[in-house]
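Chain by chain, the residues run as shown.
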Amino acid sequence: MAEKPANDLIILLDGYSDFLKAFISEEQSDFIRLKKQNENRFSILEKHKDLSSPFYLYTNAELMMQEALVKIKFHEYVSAVALIVRANRYIEKNKQLFPSFPLNDKLLGIINIMAGSVPKQFQWLSDLAGISGTVEMGKNRLYLLYMSLANSEYSSFRPELLFYISVTEAVYAVNEDKYVRWLKEYGQHKIS
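In every chain, residue numbers begin from 1 and rise along the written sequence. Confidence filtering applies because this is a predicted model: local features only for residues at pLDDT of at least 70, side-chain atom pairs given and counted only at 80 or more, and all residues used for totals across whole chains, interfaces and linings. In computing side-chain properties, one takes all heavy atoms of the structure into account and sets aside hydrogens as well as water.

**Here we look at the packing of aromatic side chains**
A pair of aromatic rings is counted whenever rings of Phe, Tyr or Trp (Trp by its six-membered ring) have centres within 6.5 Å, and the orientation is called stacked for planes under 30 degrees apart, edge-to-face for over 60 and tilted otherwise. Scanning the entire structure with this criterion turns up nine aromatic pairs. Taken together, a centroid distance of 5.7 Å and an interplanar angle of 80° make the contact between Y58 and F101 edge-to-face. Within this pair, whereas Y58 is found in helix 3 (residues 54-73), its partner F101 is found in the loop between helix 4 (77-97) and helix 5 (104-117), the two being separated by 43 residues in sequence. Exposure classes here rest on a 1.4 Å probe applied to the protein chains alone. A residue is buried below 20% of its type maximum, exposed above 50%, and partly exposed in between. On the basis of relative accessible area, Y58 is assigned to the buried category, the value being 0%. Residue F101 is classed as buried on the basis of its relative accessible area of 4%. Both rings, one in F101 and one in Y154, keep their centres 5.6 Å apart while their planes meet at 85°; by these two values the pair is edge-to-face. Remark: Y154 occurs in the loop between helix 7 (135-148) and helix 8 (158-172) and F101 occurs in the loop between helix 4 and helix 5; sequence separation between them is 53 residues. Residues F101 and Y154 agree in their burial class; the two are buried. Here the aromatic cluster, defined as three or more aromatic residues joined through ring pairs, consists of F19, F23, F163 and Y164. Criterion for a charge above a ring: Arg CZ or Lys NZ at most 6 Å from the ring centre, at most 35 degrees from the ring normal. Seen from the ring of F23, K73 lies directly overhead, with NZ or CZ sitting 4.1 Å from the centre. Starting at the N terminus, helices and strands are each numbered in turn, a helix being any DSSP run of H or I of at least four residues and a strand any DSSP run of E of at least two.

**Observations regarding helix 7**
To estimate how far a helix should extend, the number of its residues minus one is multiplied by 1.5 Å. In this model, helix 7 (14 residues) spans 20 Å end to end at C-alpha, consistent with the 20 Å of a helix rising 1.5 Å per residue. Among all positions of helix 7, only V135, G138, K139, L142, Y143, L145 and Y146 are buried. For helix 7, the arc enclosing every buried residue in end-on projection is 165°, short of the 170-degree limit, so these residues lie on one face. This arc is taken over the directions from the axis of the helix to the C-beta atoms.

**Considering the confidence of the model for the protein chain**
Averaged over every residue, the pLDDT of the protein chain is 86; the share at 70 or more is 90%. Mean pLDDT in the protein chain bottoms out at helix 9 (residues 176-186), which sits at 70, and peaks at helix 2 (residues 28-47), which reaches 95. Confidence drops under a pLDDT of 50 for residues 1-5, and excluding neighbours within four residues, the segment shows one contact in the predicted structure. Across the chain, each position has a pLDDT score giving the predictor's confidence in that residue, from 0 to 100. Note on contacts: a residue pair qualifies if any of its non-hydrogen atoms lie within 4.5 Å across the two residues.

**Side note on unusual backbone geometry**
Non-glycine residue E26 carries a positive phi angle of around 60°. Locating E26 in the fold gives a position in the loop between helix 1 (9-25) and helix 2. Positioned with a positive phi, H75 is a non-glycine residue whose angle comes to about 65°. Assignment of secondary structure puts H75 in the loop between helix 3 and helix 4.

**Overview of the packing of helix 4 against helix 5**
Orientation of helix 4 relative to helix 5, taken along the N-to-C sense of each, is 145°, at an axis distance of 10 Å. For the pair helix 4 and helix 5, the sense of crossing is left-handed. Along its contact with helix 4, which presents I84, N88, I91, E92, N94 and K95, the element helix 5 presents N104, D105, L107, L108, I111 and M114. Of the residues belonging to the contact of helix 4 with helix 5, the class tally is six nonpolar, three polar and three charged. Interaxial angle, 0 to 180 degrees, is taken between N-to-C directions of lines fitted to C-alpha atoms, where a helix line uses only the stretch in contact. Crossing handedness is defined as follows: a turn of the near helix away from the far one that is anticlockwise and smaller than a right angle gives a left-handed crossing, while the clockwise case is right-handed. Only Asp, Glu, Lys and Arg are considered charged in this grouping, and only Ala, Val, Leu, Ile, Met, Phe, Trp, Tyr, Cys and Pro are considered nonpolar; every other residue, Gly among them, is considered polar.

As structure tokens, then:
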């Protein structure tokens, strides 16, 4: 950060830290910290707004999705849905501006999974919000992205994808043996 003080990817890394702590601990104090820190992060990102980089909209959407996931755990469903809708808009715009930016598919996969998780009696809310997808569609998107990033400049995102794949499989496993076989064959990665 000392070399490049305006490097906004530091914001994303700090966001991951707060997200994981709040998501795993399920402590109210960690949740409050995440929300407060995200307010600061969004403010900084807006000051450094750079629509020429695929990471600007992506980082905003990522932070929104992380906060929404924790809000769901804390039963703040209305504000979680609002964040998911905003994140979806950001990522759809990012996909239009940067169609070959692979990380868009990570967030779209997570959105597909969340849309597919909505109980049938509330499906109209997802439709109204313009969010669609199925759990299977989202899982497939995450699996394909994980595989495609193996030898790319974005390979450092593979452990994060593995986290999301694992959490999704833990909740929605249809064929646990298939996932375990896949994990043994493809779930290896090196962090350099």
